[in-house]
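Here are the chains, one letter per residue:
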Amino acid sequence: MKKNLLSVLVLALVLVNVILSAVMMFSVLSTNKKTAALVNSVASILSLELEKPGSEEAKEVPMSDLAFWNLEGKMTIPLKNEEGDDKPHYIIFDGVAFSMNTKEKGYKTYGEAVSAGNYASVIKDEITSVVSSHTVEECTNNFEEIREEILERVRELFDKEFIYGVAISGRQIQ
C-alpha cells in the first residue's frame, strides 16, 4: 500500500511539474517575442547611426567606363602644427591620380579639359587646402577620411559626380 501511495504521489508531482512547465513556457515565450522585437528595433536604430550621413552605397563603375588622369610631379604640402609643436611638418605625395566616369554628364563638359591638365593648378590648390588643415597625427591615423574629403572637395569644384575616385601614392610624412 505504501508503494502505491508513493507512486500516486510521484505521478501527481510529475503532472504538476508538466503543467507548471507549460504555463512557464507560454509566459516566457510571449515575453521573449517582445524582447526580440525590442532588440530588433534597437539594432535597426544603431545600424542607421553607424552609417555616415550621405554615405549611400557608391555605385560600381566598370573599369571600361573609367578614364584616369595623373597630376604631374610630386606635391609637398605643409601640415597644421599640433599644440606645443613648433617644428614644421610636411606631407609628400609622389603621385595623385583621379578616376573619372566617362558615362556621367559632367565628363562631357569637364572631362577632356581635366585630362588635358587645364584644371591642374585649381585641383592642386583644393588638395593643398584640404591636407594642410590636418595635423601629422590625423594624416597618419585617418588618411582615408582625408582622401574622401579631397574627393568631395574636387567634386564640389566641378559641381559634378563624374570624378569617381582619387588615388594617392607614395605618401611620406616629415
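Here goes a summary of the coordinates provided. Just so we're clear, the structure is a prediction, and the values are computed from it rather than from any experiment.

1. Quick notes on the overall build of the protein
- Along the backbone of the protein there are five helices and four strands.
- What you see in the protein, going N to C, is helices and strands ordered as α-β-β-β-α-α-α-α-β.
- A globule of 174 residues ought to have a C-alpha radius of gyration of about 16 Å, yet the protein, at 32 Å, is considerably larger.
- When burial is assessed residue by residue, the protein has 28% of its 174 residues classed as buried.
- The long-range share in the protein, meaning contacts at least 24 apart out of those at least 6 apart in sequence, stands at 71%.

2. Things to note about the packing of aromatic side chains
- Throughout the structure, instances matching the rule amount to five aromatic pairs.
- Centroid distance phenylalanine 93 to phenylalanine 143: 5.9 Å. Interplanar angle 65°. Geometry classified as edge-to-face. Of this pair, phenylalanine 93 sits in strand 3 (residues 90-101) while phenylalanine 143 sits in helix 5 (residues 143-158), and the two are 50 residues apart along the sequence. Across the pair, phenylalanine 143 and phenylalanine 93 agree in class, each one buried.
- Taking 6.1 Å as the distance between ring centres and 70° as the angle between the ring planes, the aromatic pair formed by tyrosine 110 and tyrosine 119 counts as edge-to-face.
- By relative accessible area, tyrosine 110 is classed as partly exposed at 23%.
- The class of tyrosine 119 is partly exposed, set by a relative accessible area of 27%.

3. Re the pairing of strand 3
- Within strand 3, ten of the twelve residues are buried, which leaves the element mostly enclosed by the surrounding structure.
- By the bridge criterion, six bridges tie strand 1 (residues 66-71) to strand 3 in an arrangement that is antiparallel. Its bridge partner being in strand 3, asparagine 70 is matched across the sheet by alanine 97.
- Bridge count between strand 2 (residues 75-78) and strand 3: four bridges; the pairing is antiparallel. When the bridges of strand 3 are listed, proline 78 appears paired with tyrosine 90.

4. Focus: the packing of helix 3 (residues 120-131) against helix 5
- In contact at an axis separation of 9 Å, helix 3 and helix 5 are set at 140° when each is read in the N-to-C sense. What the angle tells us is that helix 3 and helix 5 run oblique. Note on packing geometry: the crossing formed by helix 3 with helix 5 is right-handed. Across from Val122, Ile123, Glu126, Ile127, Ser129, Val130 and Val131 in helix 3, the residues of helix 5 making contact are Ile146, Glu149, Ile150, Arg153, Val154, Leu157 and Phe158.
- The residue makeup of the contact of helix 3 with helix 5, split by class, is ten nonpolar, one polar and three charged.

5. With respect to the environment of asparagine 17
- Residue position: asparagine 17 is located in helix 1 (residues 2-50).
- As for asparagine 17 and leucine 71, which are separated by 54 residues in sequence, their C-alpha atoms are 79 Å apart.

6. Some remarks on the pattern of salt bridges
- Summed over the entire model, instances satisfying the criterion amount to four salt bridges.
- The salt bridge partner of lysine 74 is aspartate 94, with a shortest N-O separation of 3.7 Å. Here the residue lysine 74 occupies a position in the loop between strand 1 and strand 2, and aspartate 94 occupies one in strand 3, the gap between them amounting to 20 residues.
- Note on lysine 74: relative accessible area 59%, which makes it exposed.
- In this structure, glutamate 126 and arginine 153 form a salt bridge, with 3.0 Å as the shortest nitrogen-oxygen distance. With glutamate 126 in helix 3 and arginine 153 in helix 5, this residue pair connects regions lying 27 residues apart in the sequence.
- Using a relative accessible area of 16% as the deciding quantity, one classes glutamate 126 as buried.

The rules behind each value
Sequence order as written defines the numbering, with residues in each chain counted from 1. Note on the predicted model: pLDDT of at least 70 is required for a residue's local features to be given, and 80 or more for side-chain atom pairs to be given and counted; whole-chain, interface and lining totals, by contrast, use all residues. As a rule here, side-chain values cover all heavy atoms of the structure and leave hydrogens and water aside. Each helix corresponds to a stretch of at least 4 residues labelled H or I by DSSP, and each strand to a stretch of at least 2 residues labelled E; elements are numbered beginning at the N terminus. Atoms considered for the radius of gyration are the C-alpha atoms alone. The globule rule reads 2.2 Å times the number of residues to the power 0.38. Burial classes follow relative accessibility: with a 1.4 Å probe on protein chains only, a residue under 20% of its type's maximum area counts as buried, one over 50% as exposed, and anything between as partly exposed. In this description, contact between two residues means that some pair of their heavy atoms is separated by no more than 4.5 Å. Stacked, edge-to-face and tilted are the three classes for Phe, Tyr and Trp ring pairs, Trp counted by its six-membered ring, which pair at centre distances within 6.5 Å; planes under 30 degrees apart are stacked, over 60 edge-to-face, the rest tilted. Note: two strands are recorded as paired if DSSP finds a minimum of 2 bridges between them. Only the stretch in contact is used when a helix axis is fitted, and all axes are lines through C-alpha atoms; the angle between N-to-C directions ranges over 0 to 180 degrees. The labels follow the angle: roughly parallel below 35 degrees, roughly antiparallel above 145, roughly perpendicular from 65 to 115, and oblique for the rest. By convention the crossing between two helices is left-handed if the near helix lies anticlockwise of the far one by an angle smaller than a right angle, and right-handed if it lies clockwise. Gly is placed with the polar residues, together with every amino acid not listed as nonpolar (Ala, Val, Leu, Ile, Met, Phe, Trp, Tyr, Cys and Pro) or charged (Asp, Glu, Lys and Arg). Here, a salt bridge means any side-chain nitrogen of Lys or Arg that lies within 4 Å of a carboxyl oxygen of Asp or Glu.

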